[in-house]
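Coordinate inspection notes
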Amino acid sequence: MATANSATAAGAAKDGAPPAPAKSLSGIVKQVLSGDTVVIRATKGAPPPEKQITFSHVLAPKLARRPGAGGDETKDEPWAWESREFLRKKLIGVEVTFTFDKPANSNREYGFVWIGKDKESGENVVESIVREGLVSVRREGRPTAEQQTLIELEDQARAAGRGKWASNTSPAEKVRNIKWAHENPAHLVDIYGGKPVKAIIEHVRDGSTVRAFLLPDFHYITLMISGIRCPGVKLDADGKPDLSVKVPFADEARYYVETRLLQRDVEIRLESVNNSNFIGSILYPKGNIAESLLREGLAKCVDWSMAVMKTGADKLRAAERIAKEKRIRQWQDYQAKTPAFNSKEKDFAGTVVEVFNGDAVNVRLSNGQVKKVFFSSIRPPRDQRAVVGTDGEEIVKAPPRGKNYRPLYEIPHMFDAREFLRKKLINKKVQCNLDYISPPRENFPEKYCYTVLIGGQNVAEAMVAKGLATCVRYRQDDDQRSSAYDQLIAAEQQAIKGLKGLHAKKDNATLRVNDLTVDHSRIKVQYLPSWQRALRSEAIVEFVASGSRLRLFVPKDSCLVTFLLAGISCPRSSRPALNGVPAQEGEPFGDEALTFTRERVLQRDVSVHIDTTDKAGSSVIGWLWTDTGANLSVALVEEGLAEVHFSAEKSEYFRVLKSAEDRAKAAKKNIWANYVEQVPEEKAVVEEEKEDKVVAERKVNYENVIVTEITETLTFFAQSVESGSKLETLMSKLHADFQSNPPIAGSYTAKRGDLVAAQFTLDNQWYRAKVERVQGSNATVLYIDYGNKETLPTSRLAALPPAFSSEKPYATEYALALVALPTDNEDKEEALRAFSEDVLNHKVQLNVELKVHGAPHLATLHDPTTKVDFGKQLVAEGLVLAEKRRERKLKELVDQYRAAQEAALAAHLAIWKYGDITQDDAPEFR
């Protein structure tokens, strides 16, 4: 630079004539290279021509040079950065006027720069930087008038101690500590934690790649803008830029970014790394540069880097959509591939009634129509024997399996994915938004693919986040994708990082299932005895073949079994033609029964009690309760979709079934639509009268019991005295088992209806219990061997060992026969107090007076010594009311209770002290 300035003066002296007047031009400052050199671009053109101007007669301190940039690494000369920054803040993007000339034997152009359009009135930038003491003035040779002015300004700056002439500042303080390279780029991303960092853009390589200094620590980084890619320079065979090949819109994209970002103050949010390059978003005063590039059609969205964005991916998609609709620049030939949807197809709400293997559900609309809904842009777990390409598509399909192949259980994580959806969606309302229609291929029909929301949460995103599904990869120009595709990609990245589900490093084992629908030999020998002993077993209904025939999965035993509803006969449903077998027409109301059962139990959690097997031993027969507690056999009979089978006569549910059938007949429901009640013959009436006479006799069979619990409704729990030693033995073994093998707190998840072990609060011992209700982290349980209830944290519950689950409860609930509590709360409390004093924890004699199906049996309690009837004694003392019942066998006992009540009323005892309280009550108390 010194040689060039000297050459200018020497040339003029040699010729003996003044130099030619310098040219005066105008332009806009694009870049400041140092304290004495700027790049000015023309005001027209895209991109416009540029000119590099070095200030005449001055020399600025040299900036540091990064390693590999045409030489070895160098450090800043003192005050180099301050002189560059002075010009950058003053000139970048500003219109200027400048003069220049090019000395002989020089490849640089030297001149002066003025701010504004007029150099007469504009600020002389060279004089300004000299005045600030940030450059040195050359003093060799005979000075020109301009040079003399600069010398005088420099002398003034020296005298004032400005800039580099300051005496109180060490030169070492004005040298930057630049971090050119980063051994662990990801660590730097973690340090900033996704927060915006102040930065200066130093170089624009192409529209989507820049180099920048992160302030104030001067980390020098190469940044790829998140979520987009602009056209760039083509590379040759050696991997170097091939400038002979012009890429459409590459120069325009780079110019667009340079005019807005180059050497501007911006904020950068680091989001990830790609090899040694960083990935992040650039925020400048007018917003996000990525959105702006997309909106102008100068960039396209990139899925892989969009996945790392913390926020704003949806805005990038929206910006790209605007450019596509306008068909500008890169999208000038764009043709939308997404078909138009009508409003009914596009958005609807409904209830999920069935879940398929991890990628689809059946949704029932409000009009009863059922639609199959596929989840957009995700792929469920698949056969690991298939060969998959980098885009996720199967290059080679898995070889066929045997006829008994069940992918739900044999493909790793398929069952987990189905269970996640089943528990989350079955019988729940969802919102379905149509994204695209996948065309038919390989004998599969077209698929309607939706974003499915439950409570505002994207179900597909939740699956991907748990590693139970993967994202489909698309070509960049393929718009047939989920409207929340970027969130899906981000969720997948998090699942991969967390090694969840499909992305776990350990081998994914298949679920071992014993298929008893194929192998029947083990049903009677291995499984039936334990099922018969169990009070109830938990199961999942996997398939409904007819109204009374189902396929169950029993998680506890990890087996599939065909299950037949006991006690009923259901009409046969129709069957479609399958595997060469012709279609079969169903019996009347068979399909209705099938639909009824499907709607109530398909893919629901149910409880079953298994009694026996069919004659062939291929299916089990038993009773099933829905998730609402309804007996499905009774429900089908009640609806007139089944009739009571003779085999039910020996079951405890016969009377309930018979009553339900009588009501269905009376209402002429379904199969009973044409039913005509037959008039019984006189002989039958006579026999019935004889039977009534037999039944009318009251049976007395006292059992010695201990009353262990009394409820607020005057029911009580009693233990048989004879079984006391058995109970003590059971409890001793249970306590010893839990003492030697204490459960892990919180390892058990409580569900209503479960038979569990519960740790009683008063003694911290473990007892058998049944979960009646779960609310948050608390559960209400019934201690089945004692009858008392307690609400306690679920952390005090544990799975009951199988050895303790087979025995029936030792405490049985009864209702005190022929009496009712008064309505007044104080009177009720007094009656319960008196009853407790008489019988609680005492040995008494119990007689069952009346068996009630579905409710506690009615029983009387008696003193073993005096034979006093405690219920009648409460009536006689005026503490309870005598209940009038119409059963013939209880007539004598009812009369005794009524007489005791009349005596108490006459004596105005207790509840009768103000007279007859039953005058306004129901007829049975009159």
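In this text the structure is predicted, and so the values were computed from the model without any measurement.

Okay, the overall build of the chain next. In terms of helices and strands, the chain carries 23 helices and 45 strands. Computed over the C-alpha atoms, the radius of gyration of the chain is 45 Å, more than 25% above the 29 Å expected from 2.2 N^0.38 for a compact globule of 926 residues. Taken along its principal axes, the extent of the C-alpha atoms in the chain is 150 × 70 × 55 Å. Contacts in the chain between residues at least 24 apart in sequence constitute 61% of all its contacts with a sequence separation of at least 6. One way to put it: in the chain the 131 positive side-chain charges average out to a point 6 Å from where the 128 negative ones average out.

For an α-helix, the turn length of 3.6 residues means that residues three or four places apart are oriented alike. Its 16 residues place the ends of helix 4 (residues 145–160) 23 Å apart at the C-alpha level, agreeing with the 22 Å of an ideal helix rising 1.5 Å per residue. Turning to helix 4, its buried residues are Q147, L150, I151, L153, E154 and A157. Looking straight down helix 4, one finds its buried side chains confined to an arc of 165 degrees; they lie on one side. More than 90 degrees from the buried face of helix 4, the exposed residues found are A145 and A159. Looking at the packing, one finds that the buried side of helix 4 touches strand 4 (58–59), strand 6 (109–115), helix 3 (125–131) and strand 7 (136–137). In the segment just after helix 4, G161 is the residue with positive phi, at about 65 degrees.

The next subject is unusual backbone geometry. With omega at 5 degrees, the peptide bond leading from L215 into P216 counts as cis. The residue P216 is located in the loop between strand 9 (209–214) and strand 10 (219–225) in this model. The backbone phi angle of N427 is positive, close to 65 degrees, even though this residue is not glycine. Phi angles above zero are rare outside glycine, and L714 is one such case at about 70 degrees. Among the structural elements, L714 can be located in the loop between strand 34 (703–710) and strand 35 (715–720).

With numbering matched to this structure, UniProt assigns "domain: Tudor" (unreviewed entry) to residues 749–807. Spanning residues 749–807, this segment combines 0% helix with 49% strand, and its end C-alpha atoms are found 23 Å apart.

The subject of this paragraph is the pattern of salt bridges. If the charged atoms of two oppositely charged side chains come close together, the side chains can form a pair. Inspection of every chain in the model, using the stated rule, returns 44 salt bridges. The salt bridge involving K51 is made with E109; its shortest N-O contact spans 3.2 Å. In this pair, K51 is assigned in strand 3 (residues 50–55) and E109 in strand 6, connecting sequence segments 58 residues apart. Given a relative accessible area of 18%, E109 falls into the buried group. Its salt-bridge partner being E202, residue R84 comes within 3.0 Å of it at the nearest N-O pair. Within this pair, whereas R84 is found in helix 2 (residues 80–91), its partner E202 is found in strand 8 (residues 197–206), the two being separated by 118 residues in sequence. For the pair shown, R84 and E202 are each scored as buried. Each member of the salt-bridge network shares a partner with another, and the members are R84, E85, R88, E202 and D265.

Right, let's get into the pairing of strand 34. Bridge analysis of strand 34 against strand 43 (residues 843–850) gives four bridges, and the strand direction is antiparallel. Across the sheet, residue E703 finds its bridge partner in strand 43, namely L846. Note: strand 34 against strand 35, five bridges, orientation antiparallel. Across the sheet, residue I706 finds its bridge partner in strand 35, namely Q719.

Per the stated rule, a full pass over the model turns up 25 aromatic pairs. On the basis of an interplanar angle of 35 degrees and a centroid distance of 6.2 Å, the ring pair of F112 and W114 is categorised as tilted. We note that F112, like W114, is buried. Ring-pair connections join several aromatic residues into one group, and the members of that group are W81, W180, F213, F218 and Y220. The ring of W331 has K324 sitting right over it, with the charged end atom 5.0 Å from the ring centre. The ring centre of F356 lies 4.2 Å from the NZ or CZ of K372, which sits over that ring.

Moving on: the side chain of S208. For S208, the location among the structural elements is in the loop between strand 8 and strand 9. For S208, a relative accessible area of 2% puts it in the buried group. Ignoring any residue separated from it by four or fewer positions in sequence, one finds S208 in contact with L223, M224, I225, I228, R229 and C230.

Partitioning the chain into domains gives domain 1 (23–174), domain 2 (185–236 + 247–331), domain 3 (348–386 + 409–503), domain 4 (514–574 + 589–672) and domain 5 (697–721 + 810–925). Domain 2 and domain 4 are separated by 63 Å when their C-alpha centres are compared.

Strand order around the closed barrel formed by five strands is 34-35-41-44-43, with mixed pairing between neighbours. Averaged over all neighbouring strand pairs, the angle between strand axes comes to 60 degrees, with direction disregarded. Note: strand 41 (residues 811–816) against strand 44 (residues 857–862), three bridges, orientation parallel. Its bridge partner lying in strand 44, Y814 is registered against H857. Lying on the sheet, helix 21 (residues 825–839) is in contact with strand 34, strand 35, strand 41, strand 43 and strand 44; it crosses strand 34 at an angle near 140 degrees.

As a further point, take the confidence of the model for the chain. For the chain, mean pLDDT is 86; residues scoring 70 or higher make up 90% of the total. Predicted confidence is poor over residues 1–21, with pLDDT under 50, and the contacts of this stretch with residues over four places away or in other chains come to 20 contacts.

If you look at the biggest cluster of nonpolar residues, it comprises 41 residues, and the most contacted ones within it are W531, L552, F563, L624 and L636. In contact with W531, other than residues within four places in its own chain, are L516, S537, V554, D557, C559, V561, H609, I610 and V620. Grouped together as the second largest cluster of nonpolar side chains are 39 residues, V352, V355, F420 and A491 included.

With that out of the way, let us pick up the environment of R698. Turning to its location among the elements, R698 is positioned in the loop between helix 19 (682–695) and strand 34. Put simply, R698 and L890 are 192 residues apart on the chain and 6.5 Å apart in space, counted from C-alpha to C-alpha. Apart from the residues within four sequence positions on either side, R698 is in contact with N847, E849, T860, K889 and L893. Within the structure, R698 has its side chain in polar contact with the side chain of E849 (distance 2.7 Å).

In a regular helix each residue adds 1.5 Å, so 15 residues correspond to 21 Å; helix 21 covers 21 Å between its end C-alpha atoms and thus fits that length. Taken together, the buried positions of helix 21 are A831, L832, A834, F835 and V839. The arc that holds the buried residues of helix 21, viewed along the axis, is 165 degrees, so those residues lie on one side. Set apart from the buried face of helix 21 by more than 90 degrees, the exposed residues are N825, E826, E829 and E837. Those residues of helix 21 that are buried lie in contact with strand 34, strand 35, strand 41, strand 43, strand 44 and helix 22 (870–876). At the N-terminal boundary of helix 21, the capping side chain belongs to D824, with an oxygen 3.1 Å from the backbone nitrogen of E826. Downstream of helix 21 by one or two residues, N841 has phi in the positive range, about 65 degrees.

Taken in spatial order, the five strands line up as 39-38-37-36-40 in an open sheet, and their pairing is antiparallel. Two strands lie at the open edges of the sheet, namely strand 39 (789–793) and strand 40 (797–799), each paired on one side alone. Direction aside, neighbouring strands of the sheet carry axes that sit 50 degrees apart on average. Strand contacts of helix 20 (residues 724–740): strand 36 (755–759), strand 37 (766–775) and strand 40, with the helix running at about 75 degrees to strand 37, the strand carrying the most contacts.

Here the structure, examined in full by the defined rule, presents zero disulfides. C230 supplies the cysteine sulfur nearest to C301, a cysteine that is in no disulfide, at a spacing of 11 Å. Note on C471: no disulfide assigned, nearest cysteine sulfur contributed by C449 at a separation of 14 Å. Here C471 falls in the buried class, since its relative accessible area comes to 4%.

Right, let's get into the pairing of strand 44. Most of strand 44 is tucked away: five of the six residues are buried. Two elements, strand 43 and strand 44, share five bridges in a ladder whose sense is antiparallel. Paired with Q845 across the two strands is H862, which belongs to strand 44. Linking two consecutive strands that pair antiparallel, namely strand 43 and strand 44, is a turn of six residues; a positive phi of about 80 degrees is found at G854 within it.

What counts and what doesn't
- Residues numbered from 1 in each chain as written.
- Predicted model: local features only at pLDDT ≥ 70, side-chain atom pairs only at ≥ 80, totals over all residues.
- Heavy atoms only, no water.
- Helix = DSSP H or I, 4+ residues; strand = E, 2+ residues; numbered from the N terminus.
- Rg over C-alpha atoms; globule rule 2.2 N^0.38 Å.
- Contact = heavy atoms within 4.5 Å.
- Lys, Arg positive; Asp, Glu negative; His and termini not counted.
- Charge placed at Lys NZ, Arg CZ, Asp CG, Glu CD.
- Expected span 1.5 Å × (residues − 1).
- Buried < 20%, exposed > 50% of the residue type's maximum accessible area, 1.4 Å probe, protein only.
- Arc of directions from axis to C-beta.
- UniProt positions renumbered as here; feature names shortened; annotations may be inferred.
- Salt bridge = Lys/Arg side-chain N within 4 Å of Asp/Glu carboxyl O.
- Pairing = 2+ DSSP bridges.
- Phe/Tyr/Trp six-rings, centres within 6.5 Å; stacked < 30°, edge-to-face > 60°.
- Lys NZ or Arg CZ within 6 Å of the ring centre and 35° of its normal.
- Domains from an automatic or database assignment.
- Axes fitted to C-alpha atoms, helices over the stretch in contact; angles between N-to-C directions.
- pLDDT = per-residue confidence, 0-100.
- Core = buried A, V, L, I, M, F, W, Y, C linked by side-chain atoms within 4.5 Å.
- Polar contact = N/O pair within 3.5 Å; in protein donor to acceptor, adjacent residues only side chain to side chain.
- Disulfide = S-S within 2.5 Å.

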